[in-house]
Amino acid sequence: MHKYRLMINPYAIEKWVNDMASQGWHLKKFTWIRFTFERGEPNSYIYRHDELERFGTHYEEGFLEFLKSSDIEQVDRSGNFVFFRKAAQEGPFELYTDKKTKIGNLSKKMRILLSLILLNLFIGLIGLIGDFSEQTTDWVGFALNTLNLVVVVVFALPFYKLMRIRNRLKRELNVFSD
């Protein structure tokens, strides 16, 4: 079965895949929006989503050796995104993930979203100001400029969620850095 999801929040992706696994759909393959599942036993696996972008090749090799020694398997990798799984009866994941790396990845996503938000806001407002400065209104231009403002609103919520997650990770990092 194929499912299509566009999720910016990595924690939401992980939660969704684990919810699918609890219903008996196990992740087999994924790309940035397409997830392929196969039918299996409900609640038999726990999944973990991670980004390997900032890790060097040496770290990845060491990390993969760690995976071989444990009962964790790599399901699939698409670019720098990777999913791992392990049997549910073994308990939750205890993978070491650097919080500074997670904060950096979230900050990068936030910069991209903020750029899209500001660009659409600028284009939408300038276009609307131009539409209302003339005596007759160009309805196609008005609709496109309004669509730019809708994009701003649509991207503002994921931006806010990512900002909250990043701030929580920063607080956790500061608590443990004393």
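What counts, and where the lines are drawn
Residues numbered from 1 in each chain as written. Predicted model: local features only at pLDDT ≥ 70, side-chain atom pairs only at ≥ 80, totals over all residues. Heavy atoms only, no water. Helix = DSSP H or I, 4+ residues; strand = E, 2+ residues; numbered from the N terminus. Areas by Shrake-Rupley, 256 points an atom, 1.4 Å probe, with all protein chains shown as cover. Pairing = 2+ DSSP bridges. Axes fitted to C-alpha atoms, helices over the stretch in contact; angles between N-to-C directions. Salt bridge = Lys/Arg side-chain N within 4 Å of Asp/Glu carboxyl O. Buried < 20%, exposed > 50% of the residue type's maximum accessible area, 1.4 Å probe, protein only. Contact = heavy atoms within 4.5 Å. Core = buried A, V, L, I, M, F, W, Y, C linked by side-chain atoms within 4.5 Å. 1 Å grid on protein atoms, 1.4 Å probe; cavity = no way out; pocket = protein on both sides within 12 Å on 5 of 7 lines; lining within 4 Å. Points joined across faces, edges and corners; volume = space filled by probe spheres on them. Nonpolar A, V, L, I, M, F, W, Y, C, P; charged D, E, K, R; others polar. UniProt positions renumbered as here; feature names shortened; annotations may be inferred.

Caption draft 1: Here's a closer look at the overall build of the protein. Along its length, the protein carries four helices and six strands. Across the protein, helices and strands are ordered from the amino to the carboxyl terminus as β-α-β-β-β-α-β-β-α-α. In the form shown here, the protein has an accessible surface area of approximately 11300 Å², with 60% of it arising from carbon and sulfur atoms.

Caption draft 2: Structural view of the sheet that holds strand β3 (residues 34-39). Pairing is antiparallel in the open sheet, where three strands are placed in the order β1-β3-β2. Strands with a single pairing partner mark the edges of an open sheet, and in this sheet they are β1 (2-4) and β2 (25-30). Neighbouring strand axes in the sheet, compared pairwise and without regard to direction, differ in orientation by 35° on average. Examined bridge by bridge, β2 and β3 share five bridges and lie antiparallel to one another. Paired with Trp25 across the strands is Arg39, a residue of β3.

Caption draft 3: Spatial organisation of the pattern of salt bridges. Overall, the coordinates contain three salt bridges when judged by the stated rule. A salt bridge links Arg48 to Glu14; the nearest nitrogen and oxygen atoms lie 3.9 Å apart. One end of the pair, Arg48, is in strand β4 (residues 45-51); the other, Glu14, is in helix α1 (residues 10-22), and 34 residues separate them in sequence. The shortest N-O distance in the salt bridge between Asp19 and Lys15 comes to 3.1 Å. Here Asp19 and its partner Lys15 are both found in helix α1, four residues apart, which amounts to about one turn of the helix. Asp19 sits in the partly exposed class, given a relative accessible area of 34%.

Caption draft 4: Summary view of the environment of Phe30. Inspection of the secondary structure assignment puts Phe30 in strand β2. The class for Phe30 is buried, based on a relative accessible area of 5%. Sequence separation between Phe30 and Arg77 is 47 residues, and the spatial gap between their C-alpha atoms is 7.5 Å. Ignoring any residue separated from it by four or fewer positions in sequence, one finds Phe30 in contact with Phe35, Asp76, Arg77, Ser78, Phe81, Val82 and Phe83.

Caption draft 5: View of the nonpolar core. Counting 12 residues, the largest nonpolar core is built from Ile13, Trp16, Val17, Met20, Ala21, Leu27, Phe30, Phe35, Phe37, Tyr47, Val75 and Phe83. Taken together, the elements giving at least two residues each to this core come down to α1, β2 and β3. In this structure Phe35 touches Met1, His2, Lys3, Arg5, Ile13, Trp16, Val17, Leu27, Lys29, Phe30 and Phe83, once residues within four positions along its chain are discounted. Formed by 10 residues, the second largest nonpolar core is a distinct cluster that contains Met110, Val152, Leu162 and Ile165.

Caption draft 6: Expanded view of empty space enclosed by the protein. Summed over the entire model, instances satisfying the criterion amount to one cavity of 30 Å³ or more. By volume, the largest cavity amounts to about 140 Å³. In terms of lining, the largest cavity is formed by Pro10, Tyr11, Glu14, Arg48, His49, Asp50, Glu51, Lys102, Asn105 and Leu106. When contributions to the lining of the largest cavity are tallied by element, the ones reaching two or more residues are α1, β4 and α3 (99-133). Element by element, the count of residues in the lining of the largest cavity is highest for β4, at four residues. Residue composition of the lining of the largest cavity, by class: three nonpolar, two polar and five charged.

Caption draft 7: Structural detail: unusual backbone geometry. Positive phi is not limited to glycine here, since Asn43 has a value of about 60°. Tracing the sequence through the fold places Asn43 in the loop between β3 and β4.

Caption draft 8: Representation of the UniProt feature "transmembrane region" (unreviewed entry) in the protein. According to UniProt, the positions carrying the feature "transmembrane region" (unreviewed entry) are residues 112-133 and 139-160. Within the segment residues 139-160, helix and strand shares are 100% and 0% respectively, and the terminal C-alpha atoms sit 32 Å apart.

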